[in-house]
Amino acid sequence: MASTTPEPLPGTSGAPAAALTAARSGDGRPARPGRVEAHGVDRIPDGERRGRPRDLFAVWAAANVNYLSLVIGGALVLMGLSLWQAVGVIVAGNLFWVFPGLLATSGPAAGAPSEVITRALYGVLGNRVNNAIGGWLLSVCYFALNLTAAGAAAFALAERAGVTPGTGLRIALVVLIAVATLAISVYGHAMIMKLYLPITLALTAAFAVVAVAVAARADLAHRPAEPLTGTALWAALVAGTTLIASGPLSYSTSADFSRYLPGTASRKAVAGWTAFGAFLPSVLVCSLGAFAATAVDMSDPQAGLEALLPGWFHPVFLLAVILGTVSVNALTAYSAGLALQAVGLRVRRSVSVVLDGIVSVALTLYGLLVAGLLDTVGNALQLSVVLVGPFTAVYATDIVLRRGRYDGAALCNESPRSPFWYTGGVNGAGVAAVLAGVAAAALCVDTLYTGPVATALGGVDLSLPAGMLVTAALYAALMRRSPTVVAARSGR
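These numbers come from a predicted model, not from an experiment. (Residues numbered from 1 in each chain as written. Predicted model: local features only at pLDDT ≥ 70, side-chain atom pairs only at ≥ 80, totals over all residues. Heavy atoms only, no water.)

**Q** How should the overall build of the protein chain be read in this particular structure?
**A** Tallying secondary structure elements over the protein chain gives 23 helices and zero strands in all. In summary, the protein chain has a C-alpha radius of gyration of 23 Å against a globular reference of 23 Å for 492 residues, a match within 12%. Along the first, second and third principal axes, the C-alpha set of the protein chain runs to 75 × 50 × 40 Å. The buried share of the protein chain, taken over its 492 residues, is 54%. Across the protein chain, every contact between residues at least 6 apart in sequence was considered, and the portion connecting residues at least 24 apart equals 82%. A total of about 19800 Å² of accessible surface is found on the protein chain, and carbon and sulfur atoms cover 68% of it. Between the averaged position of the 30 positive side-chain charges in the protein chain and that of its 22 negative side-chain charges there is a distance of 12 Å. (Helix = DSSP H or I, 4+ residues; strand = E, 2+ residues; numbered from the N terminus. Rg over C-alpha atoms; globule rule 2.2 N^0.38 Å. Buried < 20%, exposed > 50% of the residue type's maximum accessible area, 1.4 Å probe, protein only. Contact = heavy atoms within 4.5 Å. Areas by Shrake-Rupley, 256 points an atom, 1.4 Å probe, with all protein chains shown as cover. Lys, Arg positive; Asp, Glu negative; His and termini not counted. Charge placed at Lys NZ, Arg CZ, Asp CG, Glu CD.)

Below you can see the structure in the form of structure tokens.
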């Protein structure tokens, strides 16, 4: 009779795979919405991979029919752009959703999440630093800021019910929203795929009412009293495009939600449904915010929108704000949990998600009670474009170099025998390319500080294209003849 002892992982000197990966891997049972997802950063077996690329549309649509998009659209008009200049910027910035679409194609190819696939870029050990900064830290900060917005909507809802929220009630409401969010993340991929279509439909219905109210009062010929011209106009157009594009570029983890698709899934379909699912609602909702800014003052979005909406609908809108934030943060927490595992924390994915949630809630509550903390976090995230541009560029370039071919089993091997161990566990090409891109972006940035290039250009911030182009060019040059790239291109 054949032995039932698990086969050893490659490069683990015969140690049973189950003993090494039990805390982070699946249990072989198919995923269901009512079951906590067992898989973490391990490879999804072929027998458990199912679904269609078009299922990804609702996942990305639900995450982008949200209040933040309204606020950003209104901010473009507040920056001094005309209505139609703002709409043009919204379309241009949202074209960057093509990058999460491209990155999503690596999920079915490897059967692994982005947090593991990026070992091909940085090496097994170098990737732990990437996940700690670009995966976990940024995700926790975004979670906290989004949770704060949902909390503000919940506080307003309580006031409309005649209850003045004191400190205790505020804490309870924030924790309640976080628990609802984390429940989706803990149950995982199957729950996300099940819930996000009805969430998309509910949010679309709510925002359709907002659109009708805005359309009745929007000024289609709106122009600022003192129109921007010359360098000031270009600076505003580029800054607005960067602001919009920073959203798509922050989702370098799109393979997390496509990895359960069969390896035979069409790459074009995976990329297309991911990108279109986010692009369409983002353009529509951001434009809705810009149209609203021609009728009311969007410097205080809640008060401005309340003046536009019928009284009976305002509580419904606040609930939609909370639901939209929950859908965004559930994806964020899901990926942050995987990032924490990929850093090296040997716990189940569900536990890592809860740990992320505890940190995010603590950060949110501390920010609500100690003035200035969340402002500091928000200011730090303004500089995130210096990081997310290069992180996305190196990942996208790697996919192009390898023609989308990834060996999931090899990527899950963390031993020195792994082909992605490179030198001392670090791929110098990936690290050098990202550092060069970050340096180029830092020279061109104009947010919390003005870099020398931005100063010379009169405040035009070219940090996004500079960081991405430098990273992509250097990585392509350094990795073109890498053995792992050559093997992937040849189909081995």
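After presenting the structure, the write-up continues.
**Q** Which parts of the structure should I look at to understand the environment of valine 316?
**A** Relative to the elements of secondary structure, valine 316 occurs in helix α15 (residues 314-343). The class for valine 316 is partly exposed, based on a relative accessible area of 36%. Taking C-alpha positions, valine 316 is 7.4 Å from alanine 206, a pair spaced 110 residues apart along the chain.

**Q** Sorry if this is basic, but what is going on with the packing of aromatic side chains here?
**A** Working definition: an aromatic ring pair is given by the centre-to-centre distance plus the angle between the planes. On inspection of all chains with the given rule, the structure shows 13 aromatic pairs. Centroid distance phenylalanine 207 to phenylalanine 317: 6.1 Å. Interplanar angle 65°. Geometry classified as edge-to-face. Residue phenylalanine 207 is located in helix α11 (residues 189-215), and its partner phenylalanine 317 is located in helix α15; the two are separated by 110 residues in the primary sequence. Phenylalanine 317 sits in the buried class, given a relative accessible area of 2%. Pairwise contacts between aromatic rings join Trp60, Trp97, Tyr251, Phe257 and Tyr334 into one cluster. For the cation-ring pair, arginine 170 lies above phenylalanine 155, with the distance from its terminal atom to the ring centre recorded as 4.5 Å. (Phe/Tyr/Trp six-rings, centres within 6.5 Å; stacked < 30°, edge-to-face > 60°. Lys NZ or Arg CZ within 6 Å of the ring centre and 35° of its normal.)

**Q** What exactly am I supposed to notice about empty space enclosed by the protein here?
**A** Over the atoms rolls a probe the size of a water molecule, and in doing so it shows where empty space is left. The tally for this structure, following the rule as stated, stands at two cavities of 30 Å³ or more. By volume, the largest cavity is sized at about 110 Å³. Lining the largest cavity, in full, are Ser114, Glu115, Thr118, Tyr122, Asn130, Asn131, Gly134, Gly135, Ser252, Thr253, Phe391 and Tyr395. For the lining of the largest cavity, the secondary-structure elements that each account for two or more residues are α7 (114-117), α9 (126-160) and α18 (385-401). Among the elements that make up the lining of the largest cavity, the one with the highest residue count is α9 (four residues). (1 Å grid on protein atoms, 1.4 Å probe; cavity = no way out; pocket = protein on both sides within 12 Å on 5 of 7 lines; lining within 4 Å. Points joined across faces, edges and corners; volume = space filled by probe spheres on them.)

**Q** Is there a simple way to explain the side chain of threonine 253 in this structure?
**A** Its place among the elements puts threonine 253 in the loop between α12 (230-249) and α13 (267-293). Threonine 253 sits in the buried class, given a relative accessible area of 15%. Not counting residues up to four positions away in its chain, the partners in contact with threonine 253 are Ser114, Glu115 and Ser335.

**Q** Please explain α18 as it appears in this structure.
**A** The first and last C-alpha atoms of α18 sit 24 Å apart over 17 residues, in line with the 24 Å expected at 1.5 Å per residue. Looking one or two residues past α18, arginine 403 carries a phi angle of roughly 55°, positive in sign. (Expected span 1.5 Å × (residues − 1).)

**Q** Help me understand a positive patch on the surface in this model?
**A** Where like charges cluster on the molecular surface, the positive patch consists of Arg267, Arg403, Arg405 and Arg489. Relative to the helices and strands, arginine 403 resides in the loop between α18 and α19 (408-411). (Patch = residues over 30% accessible without salt bridge, like charges linked within 9 Å, V, L, I, M, F, W, Y side chains within 5 Å. Salt bridge = Lys/Arg side-chain N within 4 Å of Asp/Glu carboxyl O.)

**Q** What exactly am I supposed to notice about the nonpolar core here?
**A** Generally speaking, a soluble globular protein has its nonpolar side chains buried in company with each other. Ranked by size, the top nonpolar core spans 123 residues in total, and within it Tyr196 and Phe317 carry the most contacts. Per element, the largest residue contribution to this core is 13 residues, and it comes from α15. In contact with tyrosine 196, not counting residues within four places along its chain, are Ala58, Val59, Ala62, Ile184, Val326, Ser327, Ala330 and Leu331. (Core = buried A, V, L, I, M, F, W, Y, C linked by side-chain atoms within 4.5 Å.)

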